[in-house]
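Chain by chain, the residues run as shown.
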Amino acid sequence: MKGCCVCSVILAATVFRFGSIPTLVRFYRLGSAAIPPSAKIVHFVRHAEGTHNINREYWNAINFDARLTQLGLQQCAELDAQTRSLHVDLVVASPLTRTLQTACVSFQSVLAGGVPLVAEESIRETVNYLCDCRRPVSELHSDFPDVDFSNIPSGPDPVWAKYAT
C-alpha cells in the first residue's frame, strides 16, 4: 500500500426521502457547475498500513484489532499535511483501532481545532479474521479519549459475534 489517500465526493444536501429514511443522494464531480450551494463534500480515507497488511497472519492473535505500523503512522502524518486546508465539520471512523489511529493522525490538525470524531459501527469493513474484531469500548476509550463512542455497544463486539458463531 502506498499510503492513505483521500477520495472526495460532493453530496447534495437535499436528499429525497421516503418518510424519515433517505432514499436518494445525488453525487456530483468536483468542479461541476451543477453543484447546488447546499452540497456537502464527503472525504473517504482508507486506513493506513496495518500490522495485518504486512505479515498477513490474519488469524494470529498478534493481529487482534490490528494496529498501524510505523510506516502507517507516517502515512497518516503525511495525509494530515494535506487535510489541514480542508473544511471539515465532522470526522467519522469505524471503531477498529487501525481506523481510529488513521483518523486521529490523518486529521490531527482539524481535530485539534474542535472538529468532533465519532466512532460508527456501521461503516466497518468485512469481519473475516481476528484483525477485524474490535476491542471493548472501555479499552478503545482509554486509548482514544477524545472519540465519541456513544453509538457503539459497550459489551463484546456484536459484529464479530455474528461471524464467530
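That block above? That's the structure.
Cut-offs and rules
- Residues numbered from 1 in each chain as written.
- Predicted model: local features only at pLDDT ≥ 70, side-chain atom pairs only at ≥ 80, totals over all residues.
- Heavy atoms only, no water.
- Helix = DSSP H or I, 4+ residues; strand = E, 2+ residues; numbered from the N terminus.
- Salt bridge = Lys/Arg side-chain N within 4 Å of Asp/Glu carboxyl O.
- Buried < 20%, exposed > 50% of the residue type's maximum accessible area, 1.4 Å probe, protein only.
- Expected span 1.5 Å × (residues − 1).
- Arc of directions from axis to C-beta.

Asker: Hey, could you run me through the environment of Gln-82 in this one?
Answerer: Of note, Gln-82 is situated in helix 2 (residues 70-83). A sequence separation of 25 residues divides Gln-82 from Phe-107, and the C-alpha atoms of the two residues are 9.1 Å apart.

Asker: Please explain the pattern of salt bridges as it appears in this structure.
Answerer: If you walk through the whole model with that rule in mind, you get 8 salt bridges. Salt-bridge contacts for Arg-124 lead to Asp-157; the nearest nitrogen and oxygen are separated by 2.8 Å. Taken together, the residues span a long stretch of sequence, with Arg-124 in the loop between strand 7 (117-119) and helix 5 (137-143) and Asp-157 in the loop between strand 8 (147-148) and helix 6 (158-164) at a distance of 33 residues. Comparing Arg-124 with Asp-157 shows no difference in burial state: the two are buried. For Glu-139, the salt bridge identified is with Arg-135, shortest N-O distance 3.8 Å. Owing to a relative accessible area of 5%, Arg-135 belongs among the buried residues under this scheme.

Asker: Just checking my understanding: could you explain helix 2 for this structure?
Answerer: Helical periodicity: at 3.6 residues per turn, an α-helix aligns residues three or four positions apart in one direction. Spanning 14 residues, helix 2 covers 20 Å between terminal C-alpha atoms, matching the ideal 20 Å at 1.5 Å per step. Within the span of helix 2, buried status applies to Gly-72, Gln-75, Cys-76, Leu-79, Asp-80 and Thr-83. An end-on view of helix 2 places all buried positions within 150 degrees of arc, on one side of the element.

Such coordinate-based values are descriptive only and should not be taken to indicate function.
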